[in-house]
Amino acid sequence: MKAVFIIENVRKSIGGVQMKYDFLERLGIKKVNSGACFGEWIEKPEGNILQSINPATEEVIAEVRMAGSQDYEQVIEAAERAAVILRRMPAPKRGDIVRDLCNEFRRHKDDLGRLITMEVGKIYEEGKGEVQEIIDFSDVAIGHARMMGGRVTPSERPGHFTFESYDPLGLAEEITAFNFPQAVWGWNTLNATVCGDPVIWKPSLQAPLSAIAVQHICNRVMKKYSIEGVFNLLIGEDMIIGDRLVKDSRIPLVSFTGSTAVGLRVGSLVTARGGECILELGGNNALIILADANIDLAIKGLAFGFTGTAKQRCTSTSRAYPEEDIAGIVTDRVVDWCKSLTIGDPLHPQTQMGPLISEKARANVLRSVQKAKEQGGEVVYEGKPLDRKGFFLEPTVIYTKKHLSIMEKETFGPILYIQPIHDLEEGIALNNKVDQGLSSSLFTNNLLSAFHFLSAEGSDCGIRNVNCGTSGAEIGGAFGGNKHTGWGREAGGDAWKKYCRHSQCTINWSGELPLSQGIDFFKNKK
Ligand code: NAD
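Enquirer: I keep staring at the overall build of the protein chain and nothing clicks. Help me out?
Expert: Each helix and strand counted, the protein chain has 14 helices and 25 strands in total. By the compact-globule yardstick of 24 Å for 526 residues, the protein chain fits well, its C-alpha radius of gyration being 25 Å. Expressed as lengths along the three principal axes of its C-alpha atoms, the size of the protein chain is roughly 85 × 65 × 35 Å. Counting across all 526 residues of the protein chain, residues that qualify as buried make up 57%. Once local pairs closer than 6 in sequence are excluded, the contacts in the protein chain between residues at least 24 apart make up 73%. Approximately 21800 Å² of the protein chain is accessible, and the part contributed by carbon and sulfur atoms is 52%.

Enquirer: Got a minute to help me understand the packing of helix α10 (residues 295-307) against helix α11 (residues 324-340) in this structure?
Expert: Packed helices, taken two at a time, are described by the angle their axes make and the gap between the axes. At their nearest, the axes of α10 and α11 sit 10 Å apart, and the two run at 50° to each other. The orientation of α10 with respect to α11, classified from their angle, is oblique. The two elements α10 and α11 cross, and the hand of that crossing is right-handed. The residues of α11 that touch α10, namely those facing I295, D296, I299, L302, A303, F306 and T307, are I326, V330, R333, V334, W337 and C338.

Enquirer: What exactly am I supposed to notice about the domain arrangement of the protein chain here?
Expert: Frequently, the measure chosen for interface size is the accessible area that the parts lose on association. Segmentation of the protein chain into domains returns domain 1 (31-148 + 171-251) and domain 2 (285-480). Between the C-alpha centres of domain 1 and domain 2 the distance comes to 31 Å. In this complex, domain 1 contributes 22 residues to the contact, which on the side of domain 2 involves 24 residues. Note on domain 1 versus domain 2: buried area summed over both sides is about 1900 Å², and carbon and sulfur give 68% of it. Counting the contacts that link domain 1 with domain 2 gives one salt bridge. A salt bridge links E126 to R313, with the nearest nitrogen and oxygen atoms 3.0 Å apart. The set of elements that each furnish at least two residues to the side of domain 1 that touches domain 2 consists of α4 (109-120) and α5 (124-147). Sorting elements by how many residues they give to the side of domain 1 that touches domain 2 places α5 first, with six residues. The residue inventory of the side of domain 1 that touches domain 2, partitioned by class, reads 10 nonpolar, five polar and seven charged.

Enquirer: Got a minute to help me understand the packing of aromatic side chains in this structure?
Expert: What characterises a pair of aromatic rings is the spacing of the ring centres plus the angle enclosed by the ring planes. If you walk through the whole model with that rule in mind, you get eight aromatic pairs. For the ring pair F161 and F163, a centre distance of 5.8 Å and an interplane angle of 40° mean the geometry is tilted. Residue classification places F161 among the partly exposed positions, given a relative accessible area of 38%. Given a relative accessible area of 25%, F163 falls into the partly exposed group. A cation over a ring is seen here: K128 above Y124, with NZ or CZ 4.4 Å from the ring centre.

Enquirer: Where do I start with the environment of R313 in this structure?
Expert: For R313, the position within the fold is in the loop between α10 and β16 (317-322). Each C-alpha atom of the pair R313 and F23 lies 26 Å from the other, and the pair is 290 residues apart in sequence. Not counting residues up to four positions away in its chain, the partners in contact with R313 are E126, N179, F180, F304, F412, S471 and G472.

Enquirer: Just checking my understanding: could you explain the packing of helix α3 (residues 91-107) against helix α7 (residues 208-225) for this structure?
Expert: As a packed pair, α3 and α7 sit with axes 10 Å apart at the nearest point and diverge in direction by 135°. Classified by the interaxial angle, the pair formed by α3 and α7 is oblique. The chirality of how α3 crosses α7 is right-handed. Between α3 and α7, the residues in contact are D96, I97, D100, L101, E104 and F105 and V214, I217, C218, R220, V221, M222, K224 and Y225, respectively. Of the residues belonging to the contact of α3 with α7, the class tally is nine nonpolar, no polar and five charged.

Enquirer: Explain the site of the ligand here, please?
Expert: The immediate surroundings of the ligand are formed by 27 residues, with T176, D238, S259, L281 and E410 found nearest. For the ligand, an oxygen atom lies 3.2 Å from a polar atom in the side chain of E280. At 2.6 Å, a side-chain N or O of E410 approaches an oxygen atom of the ligand. Isolated, the ligand exposes 860 Å² of accessible area, and the fraction of that covered by the protein chains is 90%.

Enquirer: Before we go on, may I ask you to explain the sheet that holds strand β9 (residues 160-168) in this structure?
Expert: Working definition: the strands of a sheet are paired by backbone hydrogen bonds and lie parallel or antiparallel to each other. In spatial order, the strands read β8-β9-β25; together these three strands make up an open sheet with antiparallel pairing. One side of each edge strand has no neighbouring strand; the edge strands of this open sheet are β8 (152-153) and β25 (500-508). By the bridge criterion, nine bridges tie β9 to β25 in an arrangement that is antiparallel. Looking at β25, one finds that S165 is bridged to S503.

Enquirer: When you look at the side chain of S210 in this model, what are you seeing that I'm missing?
Expert: Take S210: it is sitting in helix α7. In this structure the side chain of S210 is engaged in a polar contact, spanning 2.7 Å, whose partner is the side chain of E119. Beyond its immediate sequence surroundings of up to four residues, S210 is in contact with L115, I116, E119, P181 and Q182.

Enquirer: What is the right way to look at the nonpolar core in this model?
Expert: Among soluble globular proteins, nonpolar side chains are generally buried collectively. Counting 103 residues, the largest nonpolar core has L24, I29, L101, F105, L209, F231 and I288 as the members making the most contacts within it. It is α7 that provides the largest number of residues to this core, a total of nine residues. Residue contributions to this core reach at least three from each of two domains, namely domain 1 (31-148 + 171-251) and domain 2 (285-480). Ignoring any residue separated from it by four or fewer positions in sequence, one finds L209 in contact with I29, N33, S52, I61, A62, V64, L115 and E119. If you look at the next biggest cluster of nonpolar residues, it comprises 21 residues, including I295, I299, L302 and A327.

Enquirer: Would you mind going over the sheet that holds strand β7 (residues 60-65) with me for this structure?
Expert: The sheet built from three strands is open, its strands ordered β4-β7-β6 with mixed pairing. Whereas interior strands pair on both sides, the edge strands pair on one side only; in this sheet they are β4 (32-34) and β6 (49-53). Taking the axes of each pair of neighbouring strands and ignoring which way they run, one obtains an average angle of 30° across the sheet. Both β4 and β7 contribute to a ladder of three bridges, which runs parallel. When the bridges of β7 are listed, N33 appears paired with V64. Contacts between α7 and the sheet are confined to β4, β6 and β7, with β7 contributing the most and set at about 65° to the helix.

What counts and how
- Residues numbered from 1 in each chain as written.
- Predicted model: local features only at pLDDT ≥ 70, side-chain atom pairs only at ≥ 80, totals over all residues.
- Heavy atoms only, no water.
- Helix = DSSP H or I, 4+ residues; strand = E, 2+ residues; numbered from the N terminus.
- Rg over C-alpha atoms; globule rule 2.2 N^0.38 Å.
- Buried < 20%, exposed > 50% of the residue type's maximum accessible area, 1.4 Å probe, protein only.
- Contact = heavy atoms within 4.5 Å.
- Areas by Shrake-Rupley, 256 points an atom, 1.4 Å probe, with all protein chains shown as cover.
- Axes fitted to C-alpha atoms, helices over the stretch in contact; angles between N-to-C directions.
- Parallel < 35°, antiparallel > 145°, perpendicular 65-115°, else oblique.
- Left-handed = near helix turned anticlockwise from the far one by under 90°.
- Domains from an automatic or database assignment.
- Buried area = accessible area lost by both parts, 1.4 Å probe.
- Salt bridge = Lys/Arg side-chain N within 4 Å of Asp/Glu carboxyl O.
- Nonpolar A, V, L, I, M, F, W, Y, C, P; charged D, E, K, R; others polar.
- Phe/Tyr/Trp six-rings, centres within 6.5 Å; stacked < 30°, edge-to-face > 60°.
- Lys NZ or Arg CZ within 6 Å of the ring centre and 35° of its normal.
- Near = heavy atom within 4 Å.
- Polar contact = N/O pair within 3.5 Å; in protein donor to acceptor, adjacent residues only side chain to side chain.
- Pairing = 2+ DSSP bridges.
- Core = buried A, V, L, I, M, F, W, Y, C linked by side-chain atoms within 4.5 Å.

Shown next, in the form of structure tokens:
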């Protein structure tokens, strides 16, 4: 394992307050920030102070004054007023708002990427990639704004015209995870905006500054339109602001991205009040390697899958299933990768893996390693915490000839299980054995095996790849998982439809009242 430990330290004074990085100023971040906004920042929200911690240095980057009950009401009322305005605005005009946002994201891509890196610890290359995801998805959403019509269906009744209509739903609420502190907002919000729904965003308390920087961009864009309440922010405690948002029947749609445990609870509360849900929950993704595969490609897929983003992606690779004949080579090459991995300052261009989000996250990974050992797993590369500030942890590789129950759980940090398989059938069975169903990969050069894996009898996941890894996805395709991953789709494909009220409409110009299915209700009264 190579280490890089350069952490930048550029001090600057803003209004007499010491700020460590001048790019924060360009993003509108102050030493103490408001966590409540409806286009205008609420100057002194009622909630407690939240600190944003840099996981690479354990230093406080800046503070946020969180939202309280009165701030909550002010924000929801502004969003309700904005809903009336957006509903009247033609969809292509709503697309113009997204285009303006997109231009701002292009302009601030590097600074936003840097902030993401500093706040959640992913390497700068991936931080910028996250902002690029918003830029790319803007293109998709702007396209929808001109194409989101319903179908015209042939009517069975003479003189009738029938069509489907997609209209704004009302308010959309987004509760987002720490590991994609801006992109998940982007998927949901850009769809919601073109569909005509104001958004109320409750970001992760582990990444509040990333959300505040995005909100500043939204505010600037919406000044041009003179509309408040389209993009709203509520940073607040989970059991105060989060719980209230989930139970608020003024909000018809809740899009939740986070762990399965929290998401399933949120889902049941929302459906109990008649609301709609999009749930994007935890993954536990497997990569199968057949003996005929290009091993170099498979190792690259695994390497990014379990050490990229410090294995803190919902699509990260947790389980590798190589065929028996190649299991030894695969294990050796994975261990070689761990030894060559560059861990350190996530802003440094050579770094491949930054820190985990918190001490709690690091302890959780170490606990999983311990459990795997107790269950009979053989540790072939044991990751240790780095002896320095920051929540750094080397990756761990565990080899096992049999399935371990710990492999059924998502561990959000760098641990990979390798289990040899007899054949593709066994690989598919093990891939499908867990409750989660997000991403899956097969490496093979055999066309029949590839189609088998992609068939209804193959992988049961929402994402099924051949010869590319589990981690990451293109923004145009329907992204999301099945089973306990929540069945949600927040981007690509037909995801936009979830943000709409869907109606079937009929106009009768026949001068008669024929009933559908040919029912002759009036036969005795003609
Ligand atoms: P988390 O479940 O701890 O938190 C997610 C969000 O829920 C945060 O904003 C948190 O503040 C909020 N929250 C927590 N308790 C709440 C409550 N009672 N009411 C309302 N809101 C509440 O998840 P995390 O640690 O931030 O993120 C990691 C998890 O997210 C992993 O399981 C990962 O797989 C998953 N994830 C899934 C996807 C996907 O697309 N499927 C994408 C990113 C992350």
